[in-house]
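Remarks on the overall topology
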Amino acid sequence: MTENRPVRVRFAPSPTGKLHIGGARTALFNWAFARRHGGVFILRIEDTDTERNSQESLDSILSAMRWLGLDWDEGPGVGGDFGPYAQSERMPLYDAAIQKGLTEGWLYRCFCTPERVNALKEEQRNRKENPRYDRACLGLPDAECAKRLEVGEPHVIRFAVPVSETAEIQDHIRGQVTVQSVEVEDWVVVRSNGMPTYNFCCVIDDAQMQISHVVRGEEHLANTPKQVLLYRALGLPQPDYAHVPLILGQDGKKLSKRTGDTALQDYRDKGYPAEAMLNFLGLLGFSIDDETTVFSADEMVAAFDLKRINKSGAIFDTDKLHWLCGDTIRRMTDTDLLERLRPWLNTAVCDKDGGWLLQLAACFRERLTLFGDVSEMSAHLFCECVEPDEKAAKALSADGVADTLSGVADLLAGVESWPPPEFFALVKGWAAEHELGVGKVMKPVRAALTGSLGGPELGDVLALLGKDCSLARLRQAR
Ligand code: GLU
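These lines cover the structure that appears in this document, whether it is placed above or below. Nothing here was measured: the structure is a model prediction, and the numbers come from that model.

Quick notes on the rules
Residues numbered from 1 in each chain as written. Predicted model: local features only at pLDDT ≥ 70, side-chain atom pairs only at ≥ 80, totals over all residues. Heavy atoms only, no water. Near = heavy atom within 4 Å. Polar contact = N/O pair within 3.5 Å; in protein donor to acceptor, adjacent residues only side chain to side chain. Areas by Shrake-Rupley, 256 points an atom, 1.4 Å probe, with all protein chains shown as cover. 1 Å grid on protein atoms, 1.4 Å probe; cavity = no way out; pocket = protein on both sides within 12 Å on 5 of 7 lines; lining within 4 Å. Sits in = over half its atoms within 2 Å of the grid points. Phe/Tyr/Trp six-rings, centres within 6.5 Å; stacked < 30°, edge-to-face > 60°. Helix = DSSP H or I, 4+ residues; strand = E, 2+ residues; numbered from the N terminus. Points joined across faces, edges and corners; volume = space filled by probe spheres on them. Nonpolar A, V, L, I, M, F, W, Y, C, P; charged D, E, K, R; others polar. Pairing = 2+ DSSP bridges. Axes fitted to C-alpha atoms, helices over the stretch in contact; angles between N-to-C directions. Buried < 20%, exposed > 50% of the residue type's maximum accessible area, 1.4 Å probe, protein only. Right-handed = clockwise from strand over helix to strand, strands pointing away. Lys, Arg positive; Asp, Glu negative; His and termini not counted. Salt bridge = Lys/Arg side-chain N within 4 Å of Asp/Glu carboxyl O. Contact = heavy atoms within 4.5 Å. Parallel < 35°, antiparallel > 145°, perpendicular 65-115°, else oblique.

With that settled, consider the site of the ligand. In the neighbourhood of the ligand, the contacting residues comprise Arg10, Ala12, Ser14, Glu46, Tyr198, Cys202, Arg216 and His220. Measuring from an oxygen atom of the ligand, one finds a side-chain N or O atom of Arg216 at 2.8 Å. Relative to its unbound accessible area of 300 Å², the ligand is 79% covered by the protein chains. When atom positions are compared with the pocket grids, the ligand is found to occupy the largest pocket.

See below:
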């Protein structure tokens with residue numbers, strides 16, 4: 001393993017959609033590895049697929065990474081000595097390498113039509129052979145090649161895979177992986193439209209950016225032998241690798257939209273705490289030790305070791321994620337919690353002061369899983385009059401409720417300090433006096449004050465609503 005190279009790692013998303021959970025996890029592992037070793041974390045944009053790229057996707061990837069706290073040392077908006085950091089701006093580098101390969105003979109032009117190659121592979125499949133290009137154009141005489149080029153015959157450029165070599169991959173998660181070059185076909189390096197392909201650009205960039213470790217998803221393991229053989233042809237040192245396991249849904253199948261959100265920003269937009277999300281992504285295949293579930297970004301960095309990443313698929317356990325979210329919220333100070341809740345509070349329509357809002361944050365803390373939950377939970381504190389939900393409406397329409405509520409309102413009107421101290425004992429006494437079960441009183445009181453049958457302690461609700469509003473709600477409830 002290349003332990004003594006300065007650590008330089010990269011995350012290389014293609015801006016063809018939002019940042020996927022799997023991509024975010026790869027970015028996190030790269031970032032943690034760089035931070036652990038005082039190395040450099042690079043963000044490289046793989047935007048050669050001009051039809052599927054969009055600025056919108058790029059912006060959303062960058063903002064999702066910032067939200068998670070994954071800052072990059074080189075890349076878009078930051079610069080660096082190895083730029084440009086978008087592949088679309090690096091064409092001269094690829095062109096130079098292509099020319100070198102054609103001159104040195106490890107790349108060759110292939111004029112076979114796609115129809116011929118497809119038919120060939122179809123026949124091979126029918127014969128139960130591995131489908132592969134038959135190298136018909138390898139060794140075409142220069143003069144013939146030049147002639148066909150001159151008349152503009154469409155062609156691709158292929159890598160001439162060396163005949164009997166072994167591609168050795170030093171993988172920090174899987175150990176040494178070896179693949180015989182005979183297993184690798186002469187893959188396409190430049191498409192007929194002139195665009196170089198992923199495997200080629202990736203190697204040219206990783207080499208030029210002096211990447212020491214390639215940490216990426218397991219789905220790329222099949223590409224790695226191609227890339228390793230290309231390093232060899234270029235006469236350049238190959239990086240170490242770490243192929244991180246797939247993320248599986250709770251059904252054990254590849255994580256998909258069917259089983260929940262797959263884009264990181266959808267979690268942000270629903271009010272998931274970023275630190276819980278980071279903790280959760282960190283647990284998808286990695287662990288600090290055999291016991292620790294809850295950790296901060298700094299703790300993850302301090303303990304990060306590629307060797308602690310599992311080989312087997314990581315299950316996306318939504319219950320665990322929600323537990324981590326609630327736990328994160330419960331560990332926050334009132335002030336921090338309020339700051340994080342603010343975007344979710346309907347403060348625009350209220351003139352509440354900071355003290356009141358802090359009280360609100362404290363009152364909902366135990367009940368929140370996500371910051372976003374507070375919008376609905378606290379809606380009744382921000383409106384003029386409550387709109388009871390179905391269950392509350394039912395509780396309010398029971399016989400004798402209007403009398404009960406006006407009785408409780410009179411009782412509370414007589415209390416000097418607010419919120420009424422010993423509120424529960426007070427109502428209990430009143431209920432006993434009127435020969436009513438305490439539940440028969442508390443239920444409609446809660447329904448009248450909040451419009452629902454669940455929620456925080458009624459004492460807290462009374463405090464937040466204030467005396468006038470509480471009494472008005474009890475008197476006006478239907
Ligand atoms: N653009 C590739 C992807 O998004 C990067 C693969 C790699 O890290 O080499 O999957």
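Turning to the packing of aromatic side chains, a few remarks are in order. Using the criterion set out here, one finds 9 aromatic pairs in the structure. Here Phe29 and Phe286 contribute two aromatic rings whose centre-to-centre distance is 6.4 Å and whose plane-to-plane angle is 65°, an arrangement assigned as edge-to-face. With Phe29 in helix α1 (residues 21-36) and Phe286 in the loop between α9 (274-282) and α10 (297-303), this pair connects stretches of sequence that are 257 residues apart. Residues Phe29 and Phe304 carry aromatic rings whose centres are separated by 5.6 Å and whose planes lie at 50° to one another, so their mutual orientation is tilted.

Our next topic: the layout of surface pockets. Computed from the structure, the largest pocket encloses a volume of approximately 1,100 Å³. Elements represented by at least two residues in the lining of the largest pocket include exactly β1 (8-11), α1 and β8 (213-217). Per-element accounting of the lining of the largest pocket gives the leading share, 4 residues, to α1. Considering only residue class, the lining of the largest pocket consists of 14 nonpolar, 14 polar and 12 charged.

Attention now moves to the sheet that holds strand β4 (residues 156-159). Spatial ordering of the open sheet is given by β3-β4-β7, a layout of 3 strands whose pairing is antiparallel. Every interior strand has two partners, whereas the edge strands, β3 (107-110) and β7 (188-190), have only one. Strand-to-strand twist across the sheet, computed as the mean angle between neighbouring axes with direction ignored, equals 45°. The pairing of β4 with β7 spans 2 bridges and is classified as antiparallel. Counted as the bridge partner of Arg158 is Val188 from β7.

Another point: the pairing of β8. Looking along a regular strand, one sees side chains alternate from face to face of the sheet. Most of β8 is tucked away, with 5 of its 5 residues classed as buried. Two elements, β8 and strand β9 (residues 240-244), share 5 bridges in a ladder whose sense is parallel. What sits directly across from Val215, in β9, is Ala242. With respect to chirality, the unit in which β8 leads through helix α7 (residues 224-234) into the neighbouring parallel β9 is right-handed.

Once that is clear, we can look at the side chain of Arg158. Structurally, Arg158 is set in strand β4. The buried charged residue Arg158 lacks any salt bridge, with Glu185 as its nearest oppositely charged partner at 4.6 Å. Reaching out from Arg158, the side chain makes a polar contact with the backbone oxygen of Asp186 at a distance of 2.8 Å. Beyond its immediate chain neighbours, meaning those up to four positions away, Arg158 contacts Trp106, Leu107, Tyr108, Cys110, Val117, Tyr133, Asp186, Trp187, Val188 and Val189.

Moving on to the packing of helix α3 (residues 91-104) against helix α6 (residues 198-208). Between α3 and α6, the shortest axis-to-axis distance is 10 Å and the interhelical angle comes to 105°. The orientation of α3 relative to α6 falls into the category roughly perpendicular. Between α3, through Leu93, Tyr94, Ala97 and Ile98, and α6, the contact on the second element is made entirely by Phe200, Cys201, Ile204, Asp205 and Gln208. Tallied by class, residues from the contact of α3 with α6 come to 7 nonpolar, 1 polar and 1 charged.

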